[in-house]
Amino acid sequence: MTLRRCAVLLGLLLLAFGTASASSDKIAPRVQEETAGIGSTEALVVLAEQADLRPAAALTNKQAKGQFVVNALHETASRTQAPLIALLSQRGIPYQSFWIVNMIKVTGNRALMEELAARGEVARIEANPYVRSALPSPSGFDSPHPDTVEWNVAKVGAPKVWALGFRGKGRVVAGADTGVQWDHPALKNHYRGWNGKKVNHDYNWHDATPDHSPVPIDPYGHGTFTASQMVGDDGQGNQIGVAPGARWIACRNMDANGVGSPSRYTECFQFLMAPYPVGGNPNQGNPALAPDSINNSWTCPASEGCSVNTLKQIVDNVRAAGIFPAMAAGNSGPGCSSISDPPAVYQSSVTVGATDSANRIADFSSRGPVTSDGSNRLKPNLSAPGENIRGAVPGNQYESGWSGTSMATPHVAGGVALIWQAKPALVGDITGTETLMTKTALHLKSSDNCGGSGQKIPNNTFGFGLLNLYQAVKAP
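Treat the numbers as computed from the prediction; the structure is a model and nothing was measured.

Caption draft 1: Geometry of the overall build of the protein chain. Each helix and strand counted, the protein chain has 12 helices and 17 strands in total. Radius of gyration (C-alpha) of the protein chain: 23 Å, near the 23 Å computed for a compact globule of 476 residues. Overall size of the protein chain, expressed as C-alpha extent along the three principal axes, is 90 × 55 × 45 Å. Per-residue burial over the protein chain gives 57% buried out of 476 residues. The contacts of the protein chain with a sequence gap of at least 6 include a subset with a gap of at least 24, amounting to 76%. When the accessible surface of the protein chain is summed, it comes to about 18300 Å², and 53% of that surface belongs to carbon and sulfur atoms.

The following block contains the structure:
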C-alpha cells in the first residue's frame, strides 16, 4: 500500500471515529448505560429545530396565543420529524411523536441511538426514566366534617375574594397528577365534563399511563386531593378549594404507585395545551379548550435520571400559550439549593414553597438558589400553605394532615381563576399575573439566608412571600 493510500485510509478512520465520538456526545449517559451490550431502552430524541414562539408574546388574547403556539409547534414537528418517522416506521421501531416540543420517543439499542444521534437534525438523545415521586398518600382515616372554610383557604384571602363576587366562574383549572375521582362530592359539580345530568370526558380527561382509562380515576389519591384544593366544595360545608366557582379538567401522568416519566409528563402537557377526545390523538387537539392554569405537584429528579433541561422547552411553550404553570418547589428542605429538579427549577415555572399556619416556612420546603443548572436562579417565586392541610381523597372521603409543597401549589393554580375572573384583562398574561401575585404577596423574610437573600424580598426561602389573593384582586 502506498504512503498516500495509507494517509487517506487513516484520515477516513479518524473522520469516522470523530463522527462516532460526536454522535455519542449527544446521547445521555443513562441511555448509554441502558444500551450497553445487547441492552435496549426508551429514549427521547430531541430535534435541533424548535418552533419560534416569540410572536405569541405580542398577542393579547389567550385563545389567539394558544392557537398560534399550537399551529407553530405542529408545523415544526410535522415538517422536521417526517424523515425520522419514515425510517422508524420502515424498520418497525416503536415510537411516539410529540409536537409540544419537537421530540420523538423511541425504543431501541445502542446502534439505533448512535445512528439517530449521527443525524444532523437531532440535537440530543435524553433518557426517559420511570420515576417514583415522593408524594403524600391517603391514610384511610376520614377527618371530621368541619362545616367551615379550611384555614389554608382563608389564609390566602380566598373568602374575601368570594365576598366581592369572584369565585372563579368562567375559568378552568387543570391538574397533571395521579388522576382524579371525578364524581367525588367535592369535585363532581365542578368538573367541566359534567353538565348536571350527564357526563362527557372528551376534551376533559386523558390518561397518559399504560392504563389509558377512558374515565377519570385516581388509584393513588394524590391528584384528587390537589384538585380539591383548587375547586373543592361539596355544598355541605366542606369548603376546601380556593376557587369553587371554577371548572376543572385533568391528565393522569403518574400511575397507581406514583410513577411517572418525562414522556408521560410531556404527553399530559400536550393534552392540556390542546385537549382532544378520549381515545383520540393529539392532532385532534383544540387549544380553545385549554385550561387557564395547570397544577404540577410533582418533580422529575436528576437522581432518578431526569436531565435538568428535559422539560424546559415544554414549560416555556406552555407559558407562551397563555397557560399559567404552577410548580411545586419540592420537599427536600431545609437545606439551601434544594430546589434542584425539573420543572421547579425553570425561569418559566412559577415555583411554590410551603408555609404553616403561622406563616413559617415548612421545614421540608425546598429552598433556592437553583444551582443544578448553573443559573444560581432565585426560587421559589411564592409560598402558600402546605402543612397539615385537609382535602378530598378517593372513596368520597376527606382527610386532614397532608403536608408538602404539593399542597401549597394548588392555592396558586386555583388562585389564577379568581384573579382572571376579577381582572379579565390579565387572562393569558402570565407575566402580568405572576407580577401581580408577587407584588401583592405578604412579604416574608427568612433567617435561612440561602444565597445571602434571607432578609431581602424576594428571598430563596419564601420567594416574594405568602400568596394573598384578596390583595391581588383589590390591586389596580
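Caption draft 2: Summary view of helix 9 (residues 312–320). Those residues of helix 9 that sit buried are I314, V315, N317, V318, R319 and A320. Immediately downstream of helix 9, the backbone of G322 shows phi near 80 degrees, a positive value.

Caption draft 3: Just the state of the cysteines, in detail. Under the counting rule described, the total for this entry stands at 3 disulfides. At a sulfur-sulfur separation of 2.1 Å, the disulfide partner of C251 is C268. One quick way to see it: the torsion about the S-S bond of C251 and C268 is about -75 degrees, and its sign makes the bridge left-handed. Within this pair, whereas C251 is found in strand 10 (residues 247–252), its partner C268 is found in helix 8 (residues 262–273), the two being separated by 17 residues in sequence. Given a relative accessible area of 1%, C251 falls into the buried group. Among the residues examined, C268 registers a relative accessible area of 1% and is labelled buried.

Caption draft 4: Highlighting unusual backbone geometry. Note that the residue after G333, namely P334, is joined by a cis bond; omega there is 10 degrees. Mapped onto the secondary structure, P334 falls in the loop between strand 13 (324–328) and strand 14 (350–355). Of note, the amide linkage connecting G368 to P369 takes the cis form, showing an omega dihedral of 0 degrees. Structurally, the position occupied by P369 is in the loop between strand 14 and strand 15 (382–385). Even without being glycine, H212 reaches a positive phi, approximately 45 degrees. Of note in this structure, N388 is not a glycine but carries a positive phi near 60 degrees. Mapped onto the elements of the fold, N388 is located in the loop between strand 15 and strand 16 (389–393).

Caption draft 5: Representation of the sheet that holds strand 12 (residues 293–296) in the model. Taken in spatial order, the 7 strands of this open sheet run 8-10-7-12-13-14-15, and their pairing is parallel. Here the strands that pair on one side only, and so sit at the sheet edges, are strand 8 (205–207) and strand 15. With direction set aside, neighbouring strand axes in the sheet form an average angle of 25 degrees. Bridge count between strand 7 (residues 172–177) and strand 10: 6 bridges; the pairing is parallel. Each bridged residue has a counterpart across the sheet, and for A176 the counterpart in strand 10 is C251. Helix-sheet contacts for helix 10 (residues 405–422) involve strand 7, strand 12, strand 13, strand 14 and strand 15, and the interaxial angle to strand 13 is about 165 degrees.

Caption draft 6: Highlighting the sheet that holds strand 1 (residues 40–47). If you walk across this open sheet you meet the 4 strands as 2-3-1-4, and the pairing is antiparallel. The open sheet has two edge strands, strand 2 (95–98) and strand 4 (122–127), and neither has a second partner. Averaged over all pairs of adjacent strands, the angle between their axes in this sheet comes to 30 degrees, without regard to strand direction. Alignment of strand 2 against strand 3 (residues 103–109), held across 4 bridges, turns out to be antiparallel. Note on strand 3: the bridge partner recorded for F98 is M103. Sitting on the sheet, helix 8 touches strand 1, strand 2, strand 3 and strand 4, and the angle it makes with strand 2 is about 40 degrees.

Caption draft 7: Examining the pairing of strand 3 more closely. Counted residue by residue, strand 3 has 5 buried out of 7 residues, so it is predominantly covered. Sheet topology places strand 1 next to strand 3; 7 bridges connect them, and they run antiparallel. Looking at strand 3, one finds that A43 is bridged to V106. What sits between the antiparallel neighbours strand 2 and strand 3 is a turn of 4 residues.

Caption draft 8: Broad picture of the packing of helix 8 against helix 9. Following both chains from N to C, one finds helix 8 and helix 9 inclined at 15 degrees, their axes separated by 11 Å at the closest point. When the axes of helix 8 and helix 9 are compared, the pair comes out roughly parallel. The way helix 8 lies across helix 9 gives a crossing that is left-handed. Contacts between helix 8 and helix 9 involve T266, F269 and M273 from the former and I314, N317 and V318 from the latter. Residues of the contact of helix 8 with helix 9, tallied by class, amount to 4 nonpolar, 2 polar and no charged.

Caption draft 9: Geometry of the packing of aromatic side chains. Counted under the stated rule, the structure contains 7 aromatic pairs. Residues F271 and Y276 carry aromatic rings whose centres are separated by 5.2 Å and whose planes lie at 85 degrees to one another, so their mutual orientation is edge-to-face. Overall, the relative accessible area of 3% leaves Y276 in the buried class. The lysine or arginine in question, R167, covers the ring of W162, its NZ or CZ lying 5.0 Å from the ring centre. The lysine or arginine in question, K188, covers the ring of W194, its NZ or CZ lying 4.3 Å from the ring centre.

Caption draft 10: Fine view of the confidence of the model for the protein chain. Chain-level pLDDT for the protein chain is 94 on average; 95% of the residues reach the 70-or-more range. Ignoring residues within four places in sequence, the model shows residues 12–17, a span with pLDDT below 50, making 0 contacts including any to other chains.

What counts, and at which threshold
Residues numbered from 1 in each chain as written. Predicted model: local features only at pLDDT ≥ 70, side-chain atom pairs only at ≥ 80, totals over all residues. Heavy atoms only, no water. Helix = DSSP H or I, 4+ residues; strand = E, 2+ residues; numbered from the N terminus. Rg over C-alpha atoms; globule rule 2.2 N^0.38 Å. Buried < 20%, exposed > 50% of the residue type's maximum accessible area, 1.4 Å probe, protein only. Contact = heavy atoms within 4.5 Å. Areas by Shrake-Rupley, 256 points an atom, 1.4 Å probe, with all protein chains shown as cover. Disulfide = S-S within 2.5 Å. Pairing = 2+ DSSP bridges. Axes fitted to C-alpha atoms, helices over the stretch in contact; angles between N-to-C directions. Parallel < 35°, antiparallel > 145°, perpendicular 65-115°, else oblique. Left-handed = near helix turned anticlockwise from the far one by under 90°. Nonpolar A, V, L, I, M, F, W, Y, C, P; charged D, E, K, R; others polar. Phe/Tyr/Trp six-rings, centres within 6.5 Å; stacked < 30°, edge-to-face > 60°. Lys NZ or Arg CZ within 6 Å of the ring centre and 35° of its normal. pLDDT = per-residue confidence, 0-100.

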